[in-house]
Amino acid sequence: MPQITRRALMAAGAAGLAAPALGQGAFPTRTINVIVPFAAGGPTDTVTRLTAEAMGRDLGQTVVVENVGGAGGTLGAARVAQARPDGYTLLLHHIGMATAPTLYRRLPYDAVNGFETIGLVTEVPMTLVAKKDFPATSLAEAVAVIKREGDKLNYANAGIGAASHLCGLLLMKAVGTAMTTVPFRGTGPAIQELLSGRVDLMCDQTTNTTEQIRSGDIKAFNVTTAERVQSLPNLPTSKEGGLPEFEVSVWHGLYAPKGTPAEIQQRLSRALQTALRDEKLVARFADLGTAPVAQDRATPEAHRRFWQADIAKWKPIIQAAGQFAD
Ligand code: MLT
């Protein structure tokens, strides 16, 4: 069946005809690309691959993941903002979609209005982790080392606007000491540097740190959510560790370019909802310290409301901190 283009839908509307219903099988008729705006092997990549595989089963088409890392996720977001709005190029991005509009005063795309929302996906706790021989065994001891060593310590992140950047800012503000920041195209490559001991510390999502914490290949001091995570039950919260203001979790959402027809957004959203009920996905998310959002949050409307509110929430915080990428 031919693909229903936006132009065809508009023409139908202009002719006074009801827009053709997007019947079963009308969309998609070919492979869908989801851009991850960070390197392969990292937390956004992991969430996206699990979600894409389950969505593909519902859509009857392969959903391919492509990594376009760099500039804190803005390069990948730009690629999608500039893509054809036909539902075949999507973006799975995180909290960076709420901070980039303020952190980056010049972007090659409209960071607020350049996307259609499909639905929220998950919210992931973060962990403060360190190389195996870092000289601390608790958050209080890690804070003391950070205060003592300051910029002699290398803190890895995934660029300005990345979750690891925001989490690092919160940590350094709470401790009152800056470390030397070492940016990567994602925390997938960054954690390799932590494993090899070439960087000292990193703040990263449980979807990227759980296995290395369990195996003892890296040290972990705390989880940055109000409650402990079931998959890492021995890890104290920031509050339990003495830094209650060091709290953040990382939400993820699925986007399409501005102008993607509403019927296609709805079809993708239904596939997302089905994917988020998938037993295999739910079990793997749980093992990595997270869970799918409730079904009524995996909708275009709920996602847009949440995203816009989060842009408004972060704007004064970033402006007050004077933290801009350009
Ligand atoms: C990634 O997928 O590499 C991360 O989400 C990067 C980050 O935001 O810290």
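Residues numbered from 1 in each chain as written. Predicted model: local features only at pLDDT ≥ 70, side-chain atom pairs only at ≥ 80, totals over all residues. Heavy atoms only, no water.

Looking at an unreviewed UniProt entry, one finds the chain named Tricarboxylate transport protein TctC and attributed to uncultured Acetobacteraceae bacterium. Here the chain is described in UniProt, under the heading Sequence similarities (unreviewed entry), as follows: "Belongs to the UPF0065 (bug) family." (UniProt positions renumbered as here; feature names shortened; annotations may be inferred.)

> Outline the state of the cysteines, supporting the account with residue identities and numerical values.
Working definition of a disulfide: a covalent bond connecting the sulfur atoms of two cysteines. All told, the structure shown has one disulfide when counted by the stated rule. Each disulfide pairs two cysteine sulfurs, and for Cys-167 the partner residue is Cys-203, the sulfurs being separated by 1.9 Å. With Cys-167 in helix α6 (residues 163–175) and Cys-203 in strand β7 (residues 201–205), this pair connects stretches of sequence that are 36 residues apart. With respect to class, Cys-167 is no different from Cys-203; both count as buried. (Disulfide = S-S within 2.5 Å. Helix = DSSP H or I, 4+ residues; strand = E, 2+ residues; numbered from the N terminus. Buried < 20%, exposed > 50% of the residue type's maximum accessible area, 1.4 Å probe, protein only.)

> A description of the side chain of Thr-48 should follow, citing residues and the corresponding values.
Summarising the element assignment, Thr-48 is placed in helix α2 (residues 43–59). When its relative accessible area of 1% is taken as the criterion, Thr-48 is described as buried. The contacts of Thr-48, once residues within four sequence positions are left out, are Val-34, Val-36, Val-65 and Leu-92. (Contact = heavy atoms within 4.5 Å.)

> Report on the pattern of salt bridges, specifying residues and quantitative values.
As enumerated under the stated definition, the model contains 18 salt bridges in all. Its salt-bridge partner being Asp-45, residue Arg-49 comes within 3.0 Å of it at the nearest N-O pair. Here Arg-49 pairs with Asp-45, and both are found in helix α2, just four residues apart, close to one helical turn. Residue Asp-45 is classed as buried on the basis of its relative accessible area of 5%. With its nearest N and O atoms 2.8 Å apart, the salt bridge here joins Arg-284 to Glu-211. Here Arg-284 is found in helix α10 (residues 279–287), whereas its partner Glu-211 is found in helix α8 (residues 206–215), with 73 residues between them in sequence. (Salt bridge = Lys/Arg side-chain N within 4 Å of Asp/Glu carboxyl O.)

> Run through the pairing of strand β2 (residues 63–67), naming residues and quoting values.
Sheet faces and side chains relate simply in a regular strand, where the side chains alternate between the two faces. Relative to β2, strand β1 (residues 32–36) is paired through five bridges, and the arrangement is parallel. Each residue of the ladder has a partner; that of Ile-35, found in β2, is Glu-66. You can see the chain leave β1, run along α2 and come back into β2, and the turn it takes is right-handed. (Pairing = 2+ DSSP bridges. Right-handed = clockwise from strand over helix to strand, strands pointing away.)

> Can you lay out the site of the ligand for me, pointing to particular residues and giving the numbers?
Around the ligand lies a shell formed by Phe-38, Pro-43, Thr-44, His-94, Ala-158, Ala-162, Ala-163, Ser-164, Gly-186, Thr-187 and Gln-205. Measuring from an oxygen atom of the ligand, one finds a side-chain N or O atom of Thr-44 at 2.6 Å. Within the side chain of Ser-164, an N or O atom sits 2.6 Å from an oxygen atom of the ligand. Of all elements in the fold, only α2 and α6 reach the threshold of two or more residues within the shell around the ligand. (Near = heavy atom within 4 Å. Polar contact = N/O pair within 3.5 Å; in protein donor to acceptor, adjacent residues only side chain to side chain.)

> Give a detailed account of the nonpolar core, specifying residues and quantitative values.
Phe-115, Phe-134, Leu-201, Phe-221 and Leu-268 are the most contacted members of the largest nonpolar core, which totals 80 residues. The element contributing the most residues to this core is strand β4 (residues 115–131), with seven residues. Taken domain by domain, the makeup of this core includes at least three residues from each of domain 1 (31–124 + 250–321) and domain 2 (125–223). In contact with Phe-221, other than residues within four places in its own chain, are Leu-128, Ala-130, Phe-134, Ala-136, Thr-137, Ser-138, Leu-139, Ala-142, Leu-201, Leu-235 and Pro-236. Val-199, Met-202, Ile-213 and Leu-232 belong to the second-largest nonpolar core, a separate cluster that totals 13 residues. (Core = buried A, V, L, I, M, F, W, Y, C linked by side-chain atoms within 4.5 Å. Domains from an automatic or database assignment.)

> Give a description of the side chain of His-303 that names residues and reports values.
Within the element layout of this structure, His-303 appears in helix α11 (residues 300–321). Ignoring any residue separated from it by four or fewer positions in sequence, one finds His-303 in contact with Thr-117, Ile-118, Gly-119, Leu-120, Trp-251, Gly-253, Leu-254, Tyr-255 and Arg-297.

> Tell me about unusual backbone geometry, and name the residues and values.
Here the residue pair Phe-27 and Pro-28 is connected by a cis peptide bond, since its omega of 0 degrees sits within 30 degrees of zero. Note that Pro-28 resides in the loop between α1 (6–14) and β1. For Ala-71, which is not glycine, the phi dihedral falls at a positive 50 degrees. As for its placement among the helices and strands, Ala-71 is situated in the loop between β2 and α3 (74–81). Classification of Ala-71 as partly exposed rests on a relative accessible area of 39%.

> Give a description of the environment of Thr-29 that names residues and reports values.
With respect to the helices, strands and loops of the structure, Thr-29 is situated in the loop between α1 and β1. Look at Thr-29 and you get partly exposed, because its relative accessible area is 33%.

> Tell me about the packing of aromatic side chains, and name the residues and values.
One pass over the structure, following the stated rule, counts seven aromatic pairs. An angle of 75 degrees between the planes, with centres 5.2 Å apart, marks the rings of Tyr-255 and Trp-307 as edge-to-face. With Tyr-255 in strand β9 (residues 249–257) and Trp-307 in helix α11, this residue pair connects regions lying 52 residues apart in the sequence. Exposure remark for Trp-307: the relative accessible area of 0% places this residue in the buried category. An aromatic cluster is defined as three or more aromatic residues linked by ring pairs; in this entry it consists of Tyr-109, Phe-115, Tyr-255 and Trp-307. A cation over an aromatic ring shows up here: Arg-30 above the ring of Tyr-88, its NZ or CZ 3.8 Å from the ring centre. (Phe/Tyr/Trp six-rings, centres within 6.5 Å; stacked < 30°, edge-to-face > 60°. Lys NZ or Arg CZ within 6 Å of the ring centre and 35° of its normal.)

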